[in-house]
Amino acid sequence: MATLYNGAGGLSHRARIPNVANLRLQTGCYDGTTATCTLTLNTAQGLFQVEGVFGVPNSSYRVVHRVFPHAFYRRLIVNQVLIERLSEGTGPDIVVHLSPPVPFTSEDIRFQPARTFRVHSSSSFREIIYQRCGRTVEVESRTYQPETRPVCVLWNHVPERLTLAGDGDRKVSFQFVMAVDGDEVVARKELRTALLQSAEELLRAHTSLWGSFWERTDILTTGSGEPLQRTVRASIFYLVSNFPFEESYRASPGPFGGLSPTGLGRGGGASYLDDYEGHSFWDTEIWMLPVLNLIDPWYGRLLVNYRSRLLEVANDLAADGSYAGARFPWESGYTGVEVTQPCCPEVAEYQHHITGDVSYGLRHHFATTQDLVWLQESGCRMVQEIADFWLSRLSFNYTGTGQYDIAGE
């Protein structure tokens, strides 16, 4: 849901979607009160894992909890839990309790009452599915966004406790899946597809994409030790995590927005104005796009296509200031209108270098790809519109520099 915003103009921000995938087991691992736990952000496989060993020596067991936004079925967040008896023979039932679910509320989205239905799963029984659909509360711009955005959230039933029977197998696994999309049909399809797969199959479909990514992409460092190498790889991971994998996007296309300095914004709540609200800034083209271009031009193409899709709005913004060509907003969200916070009107009025930053990004993308088709279809027009803007922005300074100046920048 990388294009889901709520709020008009400078109050536009990433819309908060209730996270029913925020599961926690009552093991003490998550709050640091249990010493036998290991918490790992696995950037090689794109998942977060919590693992712990519990019980007494003659009746011990291991619990593994993995959570990941799926790389291929990118509308899904998946929780997988494994409970394994470590002691020999049978024993009493092992019961792991789950923390109460978070309230299903959002100040950004008006949801309809929940619906329930059943679908077949890989375990050969019909799982209970919950569905809540709604729409964002407010459009970003009445001129360019005629109606609010739809959102549908679906998830399979999560019980209060998970049990490994004492007279059963030595281990048992559970899988809980949340699906989100603006199209109810798409969300349902991905959820059904996931539930018909075993936990191993669904995990493999996710980790294989991350594995192939790291096979073709890396930046190796020498002479500075492991901390620097880890930092570089973490930076790559966090940048790429904001994008769909090409294989996923081609299999099931969907809208993609820009790239914010803080990634996916927190959305909602009184504190969202303390963040970048998920907006694209000059940081997108100056700091992030050149690196992403070298990692994989596919990511650069998504970013330049985001700007080209909003070119007509940039034309209107230039005309509003009595300029020609295209002027891009300092902050950009869903529609491409100016969405800088009400605190800073002078920033929105004078930070015109964002338009130069966009052209810098275009130049980098073409230098990396030499993609003449893209240049002919959209690149050339964007360059021309930006050049026209700067031409109209210039004035000759007869009494000062004796040169063409950009005044009021």
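Everything numeric here is computed off the predicted structure, so don't read it as measured data.

(A) Main features of the pairing of strand β10 (residues 126-136). Judged from the three bridges that link them, strand β8 (residues 109-111) and β10 form a sheet pairing that is antiparallel. Each bridged residue has a counterpart across the sheet, and for Arg-110 the counterpart in β10 is Arg-135. With six bridges joining them, strand β9 (residues 115-120) and β10 adopt antiparallel strand pairing. If you follow Val-119 over to β10, its bridge partner there is Glu-127. Here β10 runs beside strand β11 (residues 150-156); their pairing, made up of seven bridges, is antiparallel. Bridged to Ile-129 within β11 is Asn-156.

(B) Main features of the domain arrangement of the protein. With domains assigned, the protein is organised as domain 1 (5-197) and domain 2 (246-397). A straight line from the C-alpha centre of domain 1 to that of domain 2 covers 34 Å. Counting from both sides, the interface comprises 20 residues of domain 1 and, opposite them, 30 residues of domain 2. Here domain 1 packs against domain 2, burying approximately 2100 Å² in sum over the two surfaces, 54% of which is carbon and sulfur. When residues of domain 1 are sorted by the area they lose upon contact with domain 2, Arg-14, Arg-74 and Tyr-144 head the list and together hold 29% of the total. Inspection of the region where domain 1 meets domain 2 yields zero salt bridges. The interface formed by domain 1 and domain 2 contains eleven residue pairs in polar contact (both at pLDDT 80 or more).

(C) Structural view of the nonpolar core. Formed by 37 residues in total, the largest nonpolar core has its most connected members in Trp-210, Phe-213, Val-240, Phe-243, Leu-292, Tyr-299 and Phe-328. Elements with a contribution of two residues or more to this core: α2 (199-216), α3 (225-240), α5 (282-295), α6 (297-309), α7 (311-320), α9 (353-369) and α10 (372-393). Dropping the residues within four chain positions of it, Val-240 is found in contact with Trp-210, Phe-213, Leu-292, Ile-295 and Tyr-299.

(D) Looking closely at the pattern of salt bridges. Summed over the entire model, instances satisfying the criterion amount to 16 salt bridges. With a shortest N-O distance of 3.1 Å, Arg-75 and Glu-190 are connected by a salt bridge. Taken together, the residues Arg-75 in the loop between β5 (59-69) and β6 (76-85) and Glu-190 in helix α1 (residues 184-195) connect sequence positions 115 residues apart. Residue classification places Arg-75 among the buried positions, given a relative accessible area of 10%. Where Arg-301 meets Asp-371, a salt bridge forms, and the shortest distance between an N and an O atom there is 2.1 Å. Highlighted residues: Arg-301 in helix α6 and Asp-371 in the loop between α9 and α10, separated in sequence by 70 residues. Several salt bridges converge on common partners, so that one network encompasses Glu-51, Arg-62 and Glu-84.

(E) α7, seen in detail. Taken residue by residue, α7 has Leu-311, Val-313, Ala-314, Asn-315, Leu-317 and Ala-318 as its buried positions. Looking at the buried positions of α7, the neighbouring elements they touch are α6 and α10. Phi turns positive, to about 65°, at Ser-322, one or two residues after α7.

(F) Spotlight on a nonpolar patch on the surface. Together, Leu-391, Leu-394, Phe-396, Tyr-398, Tyr-404 and Ile-406 give the surface a local cluster of nonpolar side chains, amounting to about 680 Å² of exposed area. Relative to the helices and strands, Phe-396 is located in strand β14 (residues 395-396). We classify Phe-396 as partly exposed; its relative accessible area is 32%.

(G) Layout of the packing of aromatic side chains. According to the stated counting rule, one finds 21 aromatic pairs in the structure shown. Seen in terms of ring centroids, Phe-213 and Phe-245 are 6.3 Å apart; in terms of plane orientation they differ by 75°. Their pairing is edge-to-face. You can see Phe-213 sitting in helix α2 and its partner Phe-245 sitting in the loop between α3 and α4 (246-251), a full 32 residues away along the chain. Exposure class is identical for Phe-213 and Phe-245. Each is buried. Their ring planes at 65° and their centres at 5.4 Å tell us that Tyr-249 and Trp-298 sit as a pair that is edge-to-face. Placement of Tyr-249 in helix α4 and of Trp-298 in helix α6 is noted, with a sequence separation of 49 residues between them. Residue Trp-298 is classed as buried on the basis of its relative accessible area of 11%. In textbook terms, an aromatic cluster arises when at least three aromatic residues are bridged by ring pairs, as seen for Trp-210, Phe-213, Trp-214, Phe-237, Tyr-238 and Phe-245. It is Arg-149 that lies over the ring of Tyr-334; its NZ or CZ is 4.2 Å from the centre. The cationic tip of Arg-188 hangs over the ring face of Phe-117; the distance from NZ or CZ to the ring centre is 3.9 Å.

(H) A look at the packing of α6 against α9. One way to put it is that α6 packs onto α9 with a least axis distance of 10 Å and a crossing angle of 145°. Crossing of α6 over α9 shows left-handed handedness. Residues Pro-297, Gly-300, Arg-301, Val-304 and Arg-307 of α6 touch α9, and the partners they reach there are Ile-354, Val-358, Leu-362, His-365, Thr-368 and Thr-369. A per-class count over the contact of α6 with α9 returns five nonpolar, four polar and two charged.

(I) Molecular detail of the state of the cysteines. Evaluated as defined, the whole model comprises three disulfides. A sulfur-sulfur separation of 2.1 Å characterises the disulfide bridge that pairs Cys-29 with Cys-37. When the S-S torsion is -65°, as for the bridge of Cys-29 with Cys-37, the disulfide is left-handed. Like Cys-37, Cys-29 is buried. A disulfide bridge connects Cys-133 with Cys-152, and the sulfur atoms are separated by 2.0 Å. Taking the sign of the torsion about the S-S bond as the criterion, the disulfide between Cys-133 and Cys-152, at about 110°, is right-handed. Taken together, the residues Cys-133 in strand β10 and Cys-152 in strand β11 connect sequence positions 19 residues apart. Summarising the burial analysis for this pair, Cys-133 and Cys-152 share the class buried.

How each quantity is defined
- Residues numbered from 1 in each chain as written.
- Predicted model: local features only at pLDDT ≥ 70, side-chain atom pairs only at ≥ 80, totals over all residues.
- Heavy atoms only, no water.
- Pairing = 2+ DSSP bridges.
- Helix = DSSP H or I, 4+ residues; strand = E, 2+ residues; numbered from the N terminus.
- Domains from an automatic or database assignment.
- Contact = heavy atoms within 4.5 Å.
- Buried area = accessible area lost by both parts, 1.4 Å probe.
- Salt bridge = Lys/Arg side-chain N within 4 Å of Asp/Glu carboxyl O.
- Polar contact = N/O pair within 3.5 Å; in protein donor to acceptor, adjacent residues only side chain to side chain.
- Core = buried A, V, L, I, M, F, W, Y, C linked by side-chain atoms within 4.5 Å.
- Buried < 20%, exposed > 50% of the residue type's maximum accessible area, 1.4 Å probe, protein only.
- Patch = residues over 30% accessible without salt bridge, like charges linked within 9 Å, V, L, I, M, F, W, Y side chains within 5 Å.
- Areas by Shrake-Rupley, 256 points an atom, 1.4 Å probe, with all protein chains shown as cover.
- Phe/Tyr/Trp six-rings, centres within 6.5 Å; stacked < 30°, edge-to-face > 60°.
- Lys NZ or Arg CZ within 6 Å of the ring centre and 35° of its normal.
- Axes fitted to C-alpha atoms, helices over the stretch in contact; angles between N-to-C directions.
- Left-handed = near helix turned anticlockwise from the far one by under 90°.
- Nonpolar A, V, L, I, M, F, W, Y, C, P; charged D, E, K, R; others polar.
- Disulfide = S-S within 2.5 Å.

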